[in-house]
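# Residue-level structure breakdown
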Amino acid sequence: MTNSNVQGPHLLAPTGSDLRRYGKEGMVFAGYHYDLNFLTIHGRSRFPGLSIWLRNGQKMEVKVPVGCLLIQAGKQIEWLTAGECMAGMHEVVVTNRTIDAIKRALEQNCSLWRVSSTLFAHIASDAVLKPLGHFSDSPLASKYPPICAGEYVEQELAIINLKGNKGA
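- Per an unreviewed UniProt entry, the protein chain goes by the name Isopenicillin N synthase-like Fe(2+) 2OG dioxygenase domain-containing protein and belongs to Datura stramonium.

### A short note on the packing of aromatic side chains
- Counting across every chain of the model gives three aromatic pairs.
- Centroid distance Y32 to W53: 4.6 Å. Interplanar angle 80°. Geometry classified as edge-to-face. Of this pair, Y32 sits in strand 2 (residues 28-33) while W53 sits in strand 4 (residues 50-53), and the two are 21 residues apart along the sequence.
- Considering the side-chain rings of W79 and Y144, the 5.2 Å spacing of their centres and the 85° angle between planes classify their relative orientation as edge-to-face. One end of the pair, W79, is in helix 2 (residues 75-80); the other, Y144, is in the loop between strand 9 (128-129) and strand 10 (147-148), with 65 residues separating them in the sequence. Neither W79 nor Y144 differs from the other in exposure class; each is buried.
- Feature note: the residues W79, Y144 and Y152 constitute an aromatic cluster, connected by ring pairs.

### What to know about the nonpolar core
- Among the nonpolar cores identified, the biggest contains 17 residues, and F38, W79, L80, I123, L129, I147 and Y152 are the most heavily contacted of them.
- For this core, the secondary-structure elements that each account for two or more residues are helix 2 and helix 4 (149-164).

### Quick word on the UniProt feature "domain: Isopenicillin N synthase-like Fe(2+) 2OG dioxygenase" (unreviewed entry) in the protein chain
- Per the UniProt annotation, the sites labelled "domain: Isopenicillin N synthase-like Fe(2+) 2OG dioxygenase" (unreviewed entry) are residues 31-122.
- Within residues 31-122, the helical portion is 20% and the strand portion 34%, while the C-alpha atoms at the span's ends are 21 Å from each other.

### Thoughts on the sheet that holds strand 6 (residues 70-73)
- If you trace the four strands from one edge of the open sheet to the other, you get 1-8-3-6, paired in antiparallel fashion. At either end of the open sheet lies a strand with only one pairing partner, and these are strand 1 (11-18) and strand 6. With strand direction ignored, the average angle separating the axes of adjacent strands in the sheet is 20°.
- The pairing of strand 1 with strand 8 (residues 113-121) spans eight bridges and is antiparallel. Within the sheet, the bridge partner assigned to A13 lies in strand 8 and is T118.

### Looking at unusual backbone geometry
- Within the chain, Q7 stands out as a residue other than glycine whose phi angle is a positive 60°.
- As for its placement among the helices and strands, Q7 is situated in the segment before strand 1.
- With phi around 55°, N109 is a residue other than glycine that occupies positive phi space.
- Relative to the elements of secondary structure, N109 occurs in the loop between helix 3 (96-107) and strand 8.

### Some details on the pattern of salt bridges
- Tallied over the full model, the rule gives three salt bridges.
- Among the ionic pairs, E61 bridges to R97, the shortest N-O distance being 3.2 Å. Note that E61 is positioned in strand 5 (residues 59-61) and R97 in helix 3, a separation of 36 residues in sequence.
- Judged by its relative accessible area of 28%, R97 falls in the partly exposed class.

Calculation criteria
- Numbering of residues starts from 1 in each chain and follows the order in which that chain's sequence is written.
- In keeping with the model being predicted, local features are shown solely for residues with a pLDDT of at least 70 and side-chain atom pairs are shown and tallied solely at 80 or more, while totals for entire chains, interfaces and linings include all residues.
- Only hydrogens and water are set aside; all other atoms, that is, all heavy atoms of the structure, feed into the side-chain values.
- Only rings of Phe, Tyr and Trp enter the pairing, Trp through its six-membered ring, and a pair is recorded when the two centres are within 6.5 Å. The plane angle decides the type: under 30 degrees is stacked, over 60 is edge-to-face, the rest tilted.
- In DSSP terms, a helix is any run of H or I states spanning at least four residues, a strand is any run of E spanning at least two, and both are numbered starting from the N terminus.
- To sort residues, take the accessible area from a 1.4 Å probe on protein chains only and compare it with the maximum for the residue type: under 20% means buried, over 50% means exposed, and anything in between is partly exposed.
- To define a nonpolar core, start from buried Ala, Val, Leu, Ile, Met, Phe, Trp, Tyr and Cys residues and group those joined through side-chain atoms within 4.5 Å.
- UniProt positions are given in the numbering used here, feature names are shortened, and annotations may be inferred rather than shown by experiment.
- The criterion for strand pairing is that DSSP finds at least two bridges linking the strands in question.
- Whenever a helix is involved, its axis is fitted only over the stretch in contact; in every case the axis is a line through C-alpha atoms, and angles between N-to-C directions fall within 0 to 180 degrees.
- What counts as a salt bridge is simple: a side-chain nitrogen of Lys or Arg found within 4 Å of a carboxyl oxygen of Asp or Glu.

The structure is reproduced here in structure tokens:
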């Protein structure tokens, strides 16, 4: 399984939000969610607003140091570890720290675009997701039956689509 991410459908997804227009405290850019991929690699954003949930349920605002990345587990790694390594929950919302950063940027005549670059690393679509090694002996392994990674992604996207179309 060491080469399972070779030729995976990886996605580099830079996003930008105009904080002049959408810089009100509480504005949601990405609601509370997990990612369906293997690993999510968050680069440092120009403005704060990313929060994660620790395994104990505690919400924590992220401060990625310069030159560093935040790596979160996605659902595919949860599958491979029978839930030992859980997919990380996160959100991006304008917070009071974002508002403070907006004020500093205005004082310095800097851009008010919140730009972030996130890399979504995936297991190859034809690779089988199933608990590996000693994780296959976990009492939770049956919750993670073998499935092709591509089929798993399609199932997740179908669920998201169904939720998004309610009432439409």
